[in-house]
Structure formats: C-alpha cells, structure tokens
Amino acid sequence: MSEIMQQCWSSDPACRPEAKDLDLTFGNMNSNDAEPILDESNIRLRKEVAMGDMLYQVFPRKVADMLKLGQKVEPESHNNVTVFFSDIVRFTDISRALSAGKVCDMLDRLYLAFDELARMHEIFKVETIGDAWMGVTNCTIPSSSLYIIQEK
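Residues numbered from 1 in each chain as written. Predicted model: local features only at pLDDT ≥ 70, side-chain atom pairs only at ≥ 80, totals over all residues. Heavy atoms only, no water.

Novice: Where do I start with the overall build of the protein in this structure?
Specialist: Broken down by element type, the protein carries 9 helices and 3 strands. Burial analysis of the protein (152 residues in total) assigns 18% to the buried set. Of the contacts formed within the protein by residues at least 6 apart in sequence, a portion of 37% connects residues at least 24 apart. (Helix = DSSP H or I, 4+ residues; strand = E, 2+ residues; numbered from the N terminus. Buried < 20%, exposed > 50% of the residue type's maximum accessible area, 1.4 Å probe, protein only. Contact = heavy atoms within 4.5 Å.)

Novice: Sorry, what's going on with helix α8 (residues 100-120) here?
Specialist: Given 3.6 residues to a turn, an α-helix orients residues that are three or four positions apart in the same direction. Over its 21 residues, α8 runs 30 Å from end to end, which matches the ideal 30 Å to within 8%, given 1.5 Å per residue. Within α8, the full set of buried residues consists of V103, L107, Y111, D115 and A118. All buried residues of α8 fall inside an arc of 90° around its axis, so they share one side. Turned more than 90 degrees away from the buried face of α8, the exposed residues are K102, R109, L112 and M120. Of the surrounding elements, those touching the buried residues of α8 are β1 (82-87), α7 (91-97), β2 (124-129) and β3 (132-137). Just beyond α8, the residue with positive phi is E122, at close to 55°. (Expected span 1.5 Å × (residues − 1). Arc of directions from axis to C-beta.)

Novice: What exactly am I supposed to notice about the packing of aromatic side chains here?
Specialist: Centre-to-centre distance and the angle between the planes together describe a pair of aromatic rings. For the structure shown, the criterion picks out 4 aromatic pairs. A centroid spacing of 5.4 Å and a plane angle of 90° characterise the contact between F114 and W133, whose relative ring orientation is edge-to-face. A residue pair is termed long-range when its members are at least 10 positions apart, and F114 in helix α8 and W133 in strand β3 qualify at 19 residues. The exposure class assigned to W133 is buried, which follows from its relative accessible area of 3%. In this structure an aromatic cluster arises from ring pairing among F84, Y111, F114 and W133. (Phe/Tyr/Trp six-rings, centres within 6.5 Å; stacked < 30°, edge-to-face > 60°.)

Novice: Whenever I open this one, the nonpolar core confuses me. Can you help?
Specialist: Soluble globular proteins: nonpolar side chains tend toward being buried together. Counting residues in hydrophobic clusters, the biggest one holds 7 residues: I88, F91, V103, L107, Y111, A118 and W133. Take this core: its biggest share by element is 4 residues, from α8. Among residues more than four places away in sequence, those in contact with V103 are F91, S95 and L98. (Core = buried A, V, L, I, M, F, W, Y, C linked by side-chain atoms within 4.5 Å.)

Below, the structure is given as structure tokens:
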C-alpha cells in the first residue's frame, strides 16, 4: 500500500499510476493488504486507546477521570481564560514548495515544541489541525494559582 501511495505522490506525472491501474490493483486487494503495518508507535497508540488513556490526550485530567468513571461532566465557567491560536503564515505556499515529507517533519518539530511548552506552562492543548495549534490557559488550574506561578 505504501508503495502505491509513493507512486501517486511522484512529482513526475509519468511515474504516477493511471486510474485504471489503481482500479485493478485495489480490486485485487484483500483486507490483509489494507491493514496498517504495526510499528512501535501504532502498538502504543492501540494500547492507550484500549486502556482509555486517550481521554487524557483529548480532555483535561478532571474531565477524563470523570468520563472514565462513567460520570456526567457538568459545564464549568472560568474567569481570565486565554485562548491561544497559532497559524503558519503562507502555509499553503510553503507546503506547495516542499515535499509532503518535509512539510510533515516541519509540523512535527513545531508542534512537538508547542506541546512541550504547553506542558511546562500548564496550557491545555485543545487541538492541532494541519498548520493550526490551539491551547487554553486557566481552565485546568485556578487563575490565581497561575498568577502565582508567573510571578515567581
């Protein structure tokens, strides 16, 4: 499957398979051919999903704990919440000029750094989509505590 994808991504149109060839190839595939290759990161992710730990990647700890216990999560109100949103200027131009692999590497490095900074400063990461990263401060710890941390 990955070989077919690489051929489709070729910058040389002559090297890309034609639709009729893809139709024949996919028509002859069985479910085993479509299964992803299991590597260490896939196995870890599948274990996290099975154990319910993925909730902690999506929700603040308090919410994830309640969801794991099957409890209803009531909406909360917080004062002095800051929403941080980043977007890469001219991302479309950048992604057009670089290979898909280079764009993915660039985004991985950038957002791994953002994620680490978010952990260090207790910023809750809401979402990463494409070239956009969104986080929120003061929703997982009281705002007065954060001000004390900042003043030190």
